[in-house]
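An overview of the molecular structure
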Amino acid sequence: MKTKYQIILLISFFLLVSCNKKYEVKDDNATAPENVTTDTLAIKEKSPKKEGINLFALTTRKNKDIAFVSLSALYPAVENDTLFLPPIEKMDKKTASYFIFDNKYRTRFLSKTEISETDSLFIYDYAKDKLTSFLIKNLKTAAMLNSRTSTENWPYKHRDYMIGFEIDTKNLKGLSPDYKNSLVYVGKENPFVEKQMMPIVWKKITAKEYPDEKLKKEHKKIITNALTGSSYFFETKNYQYFLQEYANSNKIIYARRLIVTDVKNQETEANEIIIDKLFYQKEDISLSPLNYSEGSKTVNQWTGKLFKNKPAVIFGFENASFGCLGISIIDKSNEEIYLKCDNRQK
């Protein structure tokens, strides 16, 4: 009886299991429970890609015959990557200082930087108001030693190079000397607006005419015990620009405060502050001279509509020994568009 009872229990157990399995039917149209963890990377890839503005600088080689646009900010060096550069040790020093990529290395470069052969390289000189463009398929990809590398560093490392596009200077006539006022963009469409940039002509004003706006806490620390210097003003149809200088005990200007307000009907409402920035000297940053100061013809500060899909901009208050300077967008976002310059230090 005991054995018979155990057999009956065993049969009952198998019947129960088989009944439960009848409900484990796979449904291809079933919706996953809300608490199921999904692959976030896959979701992000399907999301629309937010496009920014990658701007680059235009420079020249020592022989001045070839201009160069470095895209190393988008294509950082990897020392052990055999597809980053061809074997440098198989070249002589002269050949290794500057060379053109063959198709193998060019294809890899374009793939990693997400640049297409059908894209264009746009160069806009805002001072000369000159726009030039080239199809990527018509430009050579090259590797050039950066300015901080010498023959003493032989054999060269991958990090010693800038990777980008070369342009014959014969095709760049009419641009500013050394291309110092040129911005470069690579993409499908030209992002620049022409004929709307202007140099700022500063006019001296009294300290009372400068906006009575409290300093930000972070700014107070920088100009504590500073001497108040000259105040300046500039105006366009849409904005008013105010500049206040600050000097140290030796009366040397070391900081400038910029306030930009929008121009409204002053009979009905006060102008609103859009930008409140403090530019000051640091270890690697110096202040740019003001436009036309002391009879100079040098122009550093510019403003106007530079980009098609963004508000007006202002820039030109600082010089950098290292680092990449920014272009300030005139709105409350405090957005800065920094040039993708060659920012490495030896």
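This structure is a prediction, so every number in the text was calculated from the model and none was measured.

Thoughts on the packing of aromatic side chains
Evaluated as defined, the whole model comprises 19 aromatic pairs. Relative to F242, the ring of F233 has its centre 5.1 Å away and its plane inclined at 55°; by these criteria the two rings are tilted. Here the aromatic residues F99, F101, Y105, W154, Y156 and Y161 are joined through ring pairs into a cluster of three or more. Sitting over the ring of Y98, R61 keeps its end group 3.8 Å from the ring centre.

Focus on the environment of Y338
Residue position: Y338 is located in strand β21 (residues 336-338). On the basis of relative accessibility, which here comes to 46%, the residue Y338 falls in the partly exposed class. Discounting residues that sit within four places of it in the chain, Y338 has contacts with L55, C324, L325 and G326.

A word on the nonpolar core
Core analysis: the largest hydrophobic core is formed by 34 residues, its most contacted members being L58, L121, Y161 and I167. Sort the elements by how many residues they give to this core and strand β8 (residues 161-168) lands first, with four residues. Setting aside residues no more than four positions away along its own chain, L58 makes contact with A67, F68, V69, I123, I167, L172, L175, D178, Y179 and V184.

A short note on the state of the cysteines
Tallied over the full model, the rule gives one disulfide. Across the disulfide from C324 sits C341; the S-S distance is 2.0 Å. A torsion of -100° about the S-S bond marks the disulfide between C324 and C341 as left-handed. With C324 in the loop between β19 (318-320) and β20 (326-329) and C341 in the segment after β21, this pair connects stretches of sequence that are 17 residues apart.

Here's the deal with the sheet that holds β21
Strand order across the open sheet formed by five strands is β10-β17-β18-β20-β21, with antiparallel pairing between neighbours. Two strands bound the open sheet, and with one partner strand each, they are β10 (197-199) and β21. With direction set aside, neighbouring strand axes in the sheet form an average angle of 25°. With two bridges joining them, strand β18 (residues 313-315) and β20 adopt antiparallel strand pairing. Across the sheet, the residue bridging to I314 is S328, located in β20.

Looking at the pairing of strand β6 (residues 130-135)
Here six bridges tie strand β5 (residues 120-125) to β6, and the two strands are oriented antiparallel to one another. Residue F122 lies in a different strand from β6, and its bridge partner there is S133. Between β5 and β6, which pair antiparallel one after the other, the connecting turn spans four residues, and D129 there sits at a positive phi close to 50°.

Observations concerning the pattern of salt bridges
Under the definition given, this model contains 11 salt bridges. Put simply, K277 and E336 hold a salt bridge, and the shortest N to O gap is 2.8 Å. A residue pair is termed long-range when its members are at least 10 positions apart, and K277 in strand β15 (residues 273-280) and E336 in strand β21 qualify at 59 residues. Classification of E336 by relative accessible area gives partly exposed; the value is 24%. The closest approach of N and O atoms between E318 and K282, which form a salt bridge, is 3.9 Å. Highlighted residues: E318 in strand β19 and K282 in the loop between β15 and β16 (285-287), separated in sequence by 36 residues.

The rules behind the values
Residues numbered from 1 in each chain as written. Predicted model: local features only at pLDDT ≥ 70, side-chain atom pairs only at ≥ 80, totals over all residues. Heavy atoms only, no water. Phe/Tyr/Trp six-rings, centres within 6.5 Å; stacked < 30°, edge-to-face > 60°. Lys NZ or Arg CZ within 6 Å of the ring centre and 35° of its normal. Helix = DSSP H or I, 4+ residues; strand = E, 2+ residues; numbered from the N terminus. Buried < 20%, exposed > 50% of the residue type's maximum accessible area, 1.4 Å probe, protein only. Contact = heavy atoms within 4.5 Å. Core = buried A, V, L, I, M, F, W, Y, C linked by side-chain atoms within 4.5 Å. Disulfide = S-S within 2.5 Å. Pairing = 2+ DSSP bridges. Axes fitted to C-alpha atoms, helices over the stretch in contact; angles between N-to-C directions. Salt bridge = Lys/Arg side-chain N within 4 Å of Asp/Glu carboxyl O.

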